[in-house]
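Spelled out from the first residue to the last, the chains are:
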Amino acid sequence: MNKTMKLAAALALAAIAGIFLWNTMCACAAQEIRIIRESEQKVGPVAPDNFTGAATSRGYFPAKEIGVSTGEVTFPAGARTAWHSHPRGQMLIVTSGRGLVRQWGEAPIEMNEGDAVWIPANVKHWHGAAPDSAMSHIAMAPLDGEGRSSTWME
Ligand code: MN
């Protein structure tokens, strides 16, 4: 091996070692499964402008880190969101109780524990508890290119 070949071999070895070390030692969050334990999740009141009644929310991962707004909202009987829409749609999964979801111009639809609901992009709607029952749902809405998951209305 001449000097140039030795240098090339050394550089190739260093590059392979570097990639190996990066993959095994990098603490980049994006490369690792993350768990936020139930006890570490933040629970608190929702933004009062966007809800009627004293609803509370449980936050999961920061939306901008995972590209999806996620959380569980608990509505006391009769409480609901204001009219709103989602630029990339929203899925709801009812985790307890009985609630209503309503599309603009349509009658409210009852939803019960275990039901999954898909609200397509830009469909004006609200969701919340039934008049006589509390309701909790998990909500997931992808962010659009500007980092928004909801457009709030009246
Ligand atoms: Mn919604």
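Description of the structure in this document. Please read all numbers here as calculations on a predicted model, not as lab measurements.

**Details of the overall build of the chain**
Each helix and strand counted, the chain has 2 helices and 12 strands in total. Moving toward the C terminus, one meets the helices and strands of the chain in the order α-β-β-β-α-β-β-β-β-β-β-β-β-β. Across the chain, the fraction of contacts at a sequence separation of at least 24, relative to all contacts at a separation of at least 6, is 67%. Per element, the accessible surface of the chain, about 9,700 Å² overall, is 60% carbon and sulfur.

**What about the packing of aromatic side chains?**
Summed over all chains, the structure comprises 3 aromatic pairs. Measuring from centroid to centroid gives 4.8 Å for Trp83 and Trp104, while their planes differ by 80 degrees, and the two rings are edge-to-face. With Trp83 in the loop between β5 (80–81) and β6 (84–85) and Trp104 in the loop between β7 (90–103) and β8 (109–112), this pair connects stretches of sequence that are 21 residues apart. Since its relative accessible area comes to 12%, Trp83 is described here as buried. Given the relative accessible area of 47%, Trp104 is considered partly exposed. Through a chain of ring-to-ring contacts, three or more aromatic side chains come together here, namely Phe51, Phe75 and Trp152.

**Considerations on the pattern of salt bridges**
In total, this model carries 5 salt bridges according to the counting rule given. With its nearest N and O atoms 3.1 Å apart, the salt bridge here joins Arg98 to Asp132. With Arg98 in strand β7 and Asp132 in the loop between β10 (125–129) and β11 (135–142), this pair connects stretches of sequence that are 34 residues apart. You can call Arg98 partly exposed: its relative accessible area is 25%. For the salt bridge of Arg148 with Glu146, the shortest nitrogen-to-oxygen distance reads 3.0 Å.

**Remarks on the nonpolar core**
Core analysis: the biggest nonpolar cluster contains 16 residues, and Phe75 and Met111 have the highest contact counts within it. Contributions of two or more residues to this core are made by β4 (68–75), β7, β9 (116–119) and β11. Considering each element in turn, this core owes the most residues, 3 residues, to β7. Setting aside anything within four residues of it in sequence, one finds Met111 in contact with Leu92, Val94, Gly97, Arg98, Gly99, Leu100, Val101, Val117, His127, Gly128, Met135 and His137.

Parameters at a glance
Residues numbered from 1 in each chain as written. Predicted model: local features only at pLDDT ≥ 70, side-chain atom pairs only at ≥ 80, totals over all residues. Heavy atoms only, no water. Helix = DSSP H or I, 4+ residues; strand = E, 2+ residues; numbered from the N terminus. Contact = heavy atoms within 4.5 Å. Areas by Shrake-Rupley, 256 points an atom, 1.4 Å probe, with all protein chains shown as cover. Phe/Tyr/Trp six-rings, centres within 6.5 Å; stacked < 30°, edge-to-face > 60°. Buried < 20%, exposed > 50% of the residue type's maximum accessible area, 1.4 Å probe, protein only. Salt bridge = Lys/Arg side-chain N within 4 Å of Asp/Glu carboxyl O. Core = buried A, V, L, I, M, F, W, Y, C linked by side-chain atoms within 4.5 Å.

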